[in-house]
Amino acid sequence: MSRKLSGCAYRKLGKIKKENAEKSIKNNMKLDVMFQRVQQVETVHTAVSEIIDNDNNEFNDSAKSVNLTLTNQSAVKCSIIKEEQDTNFSLETQINNEVNILKAPSSSDLPGSDPALWTLNEETRDFICRNGFNQNLDGNFSQSKTKYQYIRQGQFRSHNRYLSKDLFKTTLINGKTYQRDYLCYSVSTGKIYCIPCYLFENTSNFSRKGFSDWKHPNKINNHENSTMHKTCTFKMKHRSSDFGRIDLQLTYKLQTETDYWINVLSRVCSVVKSLSSHGLSFRGGDDSFESSGKNNGNFIMAMKLIAEYDPFLSKHILKYGNPGKGNTSYMSFFTYEQFIKSMAEKVISTIVEELKSSTYYSISIDSTPDISNIDQLSFVVRYVNSSGEPVERFLGFIENIGHKAESIAETIFSTFNKHNIDIKFLRGQSYDNAANMSGAYSGVQARIKSVAPLADFVPCSAHSLNLIGSCAASCCSVANNYFLFVQNLYVFFSSSTHRWIILNKHAESTLKGLSVTRWSARNDACQSLNKNWIAVTNELQELVDSDSEKPLTRSEASGLLRNMNKLETAFMTSLWCDILQTFNNVSKKLQSVQLDLSSVVKLYNTLIEYIKTLRTMFNTYEKLAQDKFEENVPQFETKNRKRKNQIDESNEPDTVFCGYQYFKIITFYPICDNLLNELLKRKEAYDNLISKYLFILKLKEYSPSEIRKSAKMLRTIYNQDLDEPFDNECIHFQSLLKTLDDPPTTLLQMSLFLKKFDLVTTFPYINIALHMFLCTPVSNCSTERSFSVLKRIKNYLRSTMSSDRLNSLAVLAIESSITCKLDFSEIIKTFAKKQARRKNI
């Protein structure tokens, strides 16, 4: 129990409080400044250090101001302690503590800036441990002159040496430099002292006499690695932390509040990262935590869900969940919008840093309109990461550029300048086959090559494969009519729920329709028709025979059934099922980021050989078509070949082909020949690009002279990237491959091999050549994948989204692998620097 004070004690306490209040009002800083950040509390100690640096004749006056400042700080601390006193302590004890704290050291007791003039006692040790010391690096070192004598050619000679600032730094073996913050220069003696050893009675020259042997600076290394020095340094650090500061309670309170808001923001950052990486919306129609409706939005929903299992967040929501305007909760719409922007900037900076460290890169761009009918240009870069694997990263959408080659090229150049990316290291560019992009004279690729001549243009291999199939599908009327029939069949059944339900009861799978943009949809449509051939035929026959159906429905079913009963339709179904399935499998492989140009050439060669074999399999597909009919197998329709006779020709009868021959000559062969010709034509572009790197793939087969010749040709093309040792490296690498039981067979495997066994420094130029090759894109599928995210983020409910917010959300969703690895602490620090309002973060 605390004892009631006497009247004298109360008067004594009131007098102390009045004096402290007057001094605080007169000289102390404002409270709002004191509560800005924890780091700002240390400004008092910085002021003390600056005062110590002044001349000795001005020291007494400066020390008085220090006395006053320290007194004011103590007064503030006293008020904080007074508010948080435990009731078990008596007021008399509190008065004594406050009086002791208010006793500031006199000006004569404060140590100066010269360690040689210090009076070594406990007060000095406490003051230095609390406030630190100045190394005196700003003045000149004229007093440090040391004369050295030596004998040369029988004569005594001498020269002077001075202290250098380099002695205050130490360099590790890996090149990193650290400040020797334990050293202090004495102006009076011209020597340097080790302050920890000086304070805690080490017997070395650094602590007692000072060090001035500038000829042998290695003695400093020996001293700082000694056991006694490390022991004294630990004592100084330990005493500094245990001694306590004048503003200890103030610092503790600020730090406690800071930790509280950091915990809040960590949870907010976690929710933002989860929602943005999955491309989900944040805001709903009601942003209130008190509302129990379903329209709170995903952010409020996620915070409530965490609060159910997190008592800390639950208490925070109860206290700050709906504070209204003018109060800070850090859970509002404005807070997570700033987090979204900061996180997106961090992801893009990470991508740009990786790209610059990789040196060589390529670009891929494509555009599409969004839900607001605004044209969005997707910008993707490809480079080789630190593991030796090629990666493709999304940098953002650029809106309303237009479709002219000049404006698109200028946008690419401005994007390079924005991210400070050097265009001279651009080694590839991949677009679709549109004239404004692939034009050899005025297209985007030509404009880029005029600035970066080594940026090879690579037509999108997957897009080229789609064009090959499209050309073959439209080369003859029978093929065109067949796909029109497939689409009409799907529309006929899907337009009626009654017909769709009846069909699905008997079919193995549902029918599929065609797509304008997705060529793979044709494969799905043909495959579904092939599997459900009998079920579709029977259902059409039932609809034709049904009296309950409308005449229009029966008429449509009759026309479709008539086509189904043709041998040509069955033949085309079997043929296109195999062709489209093969092309679709290759197309999926071509969309892989890990694919390189050599693999593209191999895949195209497999398709060429497949089509050559397919051309000889007419009888096989005829047999498959006939097997689709249980009875009454139809025959190919017979048609006369009509040809206009010339003047000098006699009127001979028209040539009559049987149905078998007519279909084979007019339909089957044109489809196969068109596929083959288009494949060979498209493959030529990739053959020309890979020819200069082909010798690396065949190192084991080439002779040393052939390797040197091919390496010299590649070195001539990339004369700024590859040097003469590249020729010898290739021969050395050939010898290494011959010694391996399972050598790498592709350029990607070679790159991974060099990284795995740490052979990059052994074959540096081969590694450069592999990086230039692997960073060359083979398709622009990554840009088209970004369109899917665009449709998901900017949908009809968020059609008014700004361009900056769209880019931030798109970057976080597309590059979710980087987003999920973001460090909370860095994001919160960035947020605190930009938008710290009323709370200390």
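Values in this document were obtained by computation on a predicted structure and should not be read as measured data.

Chemist: Give a description of the nonpolar core that names residues and reports values.
Modeler: Among the nonpolar cores identified, the biggest contains 102 residues, and Leu489, Leu540 and Trp576 are the most heavily contacted of them. It is helix α23 (residues 567-590) that contributes the most residues to this core, twelve residues altogether. Setting aside anything within four residues of it in sequence, one finds Leu489 in contact with Leu511, Leu529, Val536, Leu540, Leu560 and Met564. In terms of nonpolar packing, the next biggest core, distinct from the first, is built from 73 residues, Phe289, Ala405, Ala455 and Val789 among them.

Chemist: Tell me what's going on with the pattern of salt bridges, and back it up with residues and numbers.
Modeler: The final tally for this structure, using the stated rule, is 17 salt bridges. Between Lys683 and Asp687 there is a salt bridge, with its nearest N and O atoms 2.7 Å apart. Residue Lys683 and its partner Asp687 are both found in helix α26 (residues 659-690); the two are separated by four residues, about one turn of the helix. Accessibility expressed as a relative area gives 13% for Lys683, which makes it buried. Two residues, Arg715 and Asp727, come together in a salt bridge whose shortest N-O distance is 2.8 Å.

Chemist: Please provide a residue-by-residue account of the side chain of Ser786, values included.
Modeler: Mapped onto the fold, Ser786 is located in helix α32 (residues 781-793). On the accessibility criterion, Ser786 (2% relative accessible area) is buried. Separated by 2.8 Å, the side chains of Ser786 and Ser378 make a polar contact. Separated by 2.3 Å, the side chain of Ser786 and the backbone oxygen of Thr783 make a polar contact. Among all residues touching Ser786, those that are not within four sequence positions of it are Ser378, Phe394, Phe397 and Ile814.

Chemist: I'd like a description of the pairing of strand β11 (residues 456-459), backed by residues and values.
Modeler: Here β11 shows no split at all, with Asp456 and Val458 on one side and Phe457 and Pro459 on the other all buried. In this sheet, β11 lies alongside strand β10 (residues 426-431) in parallel orientation, the contact comprising four bridges. Counterpart to Ser430 in the pairing with β11 is Val458.

Chemist: I'd like to hear about unusual backbone geometry, residue by residue, with values.
Modeler: Phi at Thr359 takes a positive value of approximately 75°, unusual for a residue other than glycine. On the basis of relative accessibility, which here comes to 27%, the residue Thr359 falls in the partly exposed class. Phi is positive for Asp758, which is not a glycine, with a value near 55°.

Cut-offs applied
- Residues numbered from 1 in each chain as written.
- Predicted model: local features only at pLDDT ≥ 70, side-chain atom pairs only at ≥ 80, totals over all residues.
- Heavy atoms only, no water.
- Core = buried A, V, L, I, M, F, W, Y, C linked by side-chain atoms within 4.5 Å.
- Buried < 20%, exposed > 50% of the residue type's maximum accessible area, 1.4 Å probe, protein only.
- Helix = DSSP H or I, 4+ residues; strand = E, 2+ residues; numbered from the N terminus.
- Contact = heavy atoms within 4.5 Å.
- Salt bridge = Lys/Arg side-chain N within 4 Å of Asp/Glu carboxyl O.
- Polar contact = N/O pair within 3.5 Å; in protein donor to acceptor, adjacent residues only side chain to side chain.
- Pairing = 2+ DSSP bridges.

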